[in-house]
Amino acid sequence: MTSRAGARPTATKTEGNDYKPKERGGPSPYQMSMSCRSEIKKLTLVQVLIWLLVAAQVTVTHLELVSHDLVAAPYQWQYPYLLSIVPSLLGAMAMPRHNISYLVISMISAGLFSVAPLLFGAMEMFPVAQQLYRHGKAYRFIFGYSAVSVMYLLMLVALQVHAWHLYYSKRLLDAWFDSTQDKKKK
């Protein structure tokens, strides 16, 4: 059957040289946003678990639910660290509507309420840790383990979680900012 006049001509034997795949320069802001949001949700869950451990120790000792031989009295840095739940909640509130201002406030308050108490705690507990490792004497215990060792382990994990949370928050902020700039260009 012959084609009508004016119909689109069909391609005759091509060798594939005329095909150029679309190159991608990297992940789109949407893909970056989704991957960062996923990581932030996981890290927020770990932050809440760490916060619950610290809150449980403070609550149990102040209400005297168990003896001080079983769970030691909290160190001074643990009280301001209880405010570390605020940045986590602000970050969680920023996610559904891409609220940049909540995310920025969350990042700033994470440094103030999360990282700063951990650094202060490392300095506060250093003489006790030094005494433990030089002389083998511990005066505070948590379930039979040296309280300073348990707290340093908790602080190490918490500091890493907060650092990764800040990293992914910054990347998410950049992705959100890039997507809003793309919308303004259109």
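Per chain, residue numbering runs from 1 following the sequence as it is written. Confidence filtering applies because this is a predicted model: local features only for residues at pLDDT of at least 70, side-chain atom pairs given and counted only at 80 or more, and all residues used for totals across whole chains, interfaces and linings. Hydrogen atoms and water are omitted, and side-chain values are computed over all heavy atoms in the structure.

Caption draft 1: Inspection of the packing of aromatic side chains at higher detail. By convention, a stacked pair of Phe, Tyr or Trp rings (six-membered ring in the case of Trp) has centres within 6.5 Å and planes under 30 degrees apart, an edge-to-face pair has planes over 60 apart, and any other such pair is tilted. In total, this model carries four aromatic pairs according to the counting rule given. Their ring planes at 85 degrees and their centres at 5.7 Å tell us that Trp-164 and Tyr-167 sit as a pair that is edge-to-face. In this pair, Trp-164 and Tyr-167 both sit in helix 5 (residues 147-185), three residues apart, roughly one turn of the helix. Under the relative-accessibility criterion, Tyr-167 is labelled partly exposed at 39%. Ring geometry for Tyr-167 versus Tyr-168: centroids 5.2 Å apart, planes at 70 degrees, classification edge-to-face. For Tyr-168, a relative accessible area of 17% puts it in the buried group. An aromatic cluster is defined as three or more aromatic residues linked by ring pairs; in this entry it consists of Trp-164, Tyr-167 and Tyr-168. Any Lys NZ or Arg CZ found within 6 Å of a ring centre and within 35 degrees of that ring's normal is scored as a charge over the ring. A cation over a ring is seen here: Arg-140 above Tyr-75, with NZ or CZ 4.2 Å from the ring centre. Helix and strand definitions follow DSSP, with helices as H or I runs of at least four residues and strands as E runs of at least two, each counted in order from the N terminus. Only protein chains enter the accessibility calculation, which uses a 1.4 Å probe. A residue is then buried if its area is under 20% of the maximum for its type, exposed if over 50%, and partly exposed in between.

Caption draft 2: Structural view of the side chain of His-165. Assignment of secondary structure puts His-165 in helix 5. With near-sequence residues (within four places) excluded, His-165 lies in contact with Ile-40, Leu-43, Thr-44, Gln-47 and Ser-106. What makes two residues a contact is simply this: any of their non-hydrogen atoms within 4.5 Å.

Caption draft 3: Structural view of the pattern of salt bridges. Salt bridges are defined by distance alone: a side-chain nitrogen of Lys or Arg within 4 Å of a carboxyl oxygen of Asp or Glu. Using the criterion set out here, one finds two salt bridges in the structure. With its nearest N and O atoms 3.6 Å apart, the salt bridge here joins Lys-42 to Glu-39. Of this pair, Lys-42 and Glu-39 both sit in helix 1 (residues 29-62), three residues apart, roughly one helical turn. Overall, Lys-42 belongs to the partly exposed group, its relative accessible area being 48%. For Glu-39, a relative accessible area of 28% puts it in the partly exposed group. With a shortest N-O distance of 2.8 Å, Asp-174 and Lys-170 are connected by a salt bridge. Note that Asp-174 and Lys-170 are positioned in helix 5 at a spacing of four residues, about one turn of the helix. What makes Lys-170 partly exposed here is its relative accessible area of 41%.

Caption draft 4: Quick look at the confidence of the model for the chain. Values of pLDDT, which run from 0 to 100, indicate the predictor's confidence residue by residue. In the predicted model, the chain carries a mean pLDDT of 86, and 81% of its residues have values of at least 70. The secondary structure element of the chain with the lowest average pLDDT is strand 1 (residues 141-142), at 86, and the one with the highest is helix 2 (residues 78-81), at 95.

Caption draft 5: Geometry of the environment of Met-155. Note on placement: Met-155 falls in helix 5. When the C-alpha positions of Met-155 and Leu-118 are compared, they lie 6.3 Å apart, and in sequence the two are 37 residues distant. Contact partners of Met-155, with chain neighbours within four places excluded, come to Trp-77, Leu-118, Gly-121, Ala-122 and Met-125.

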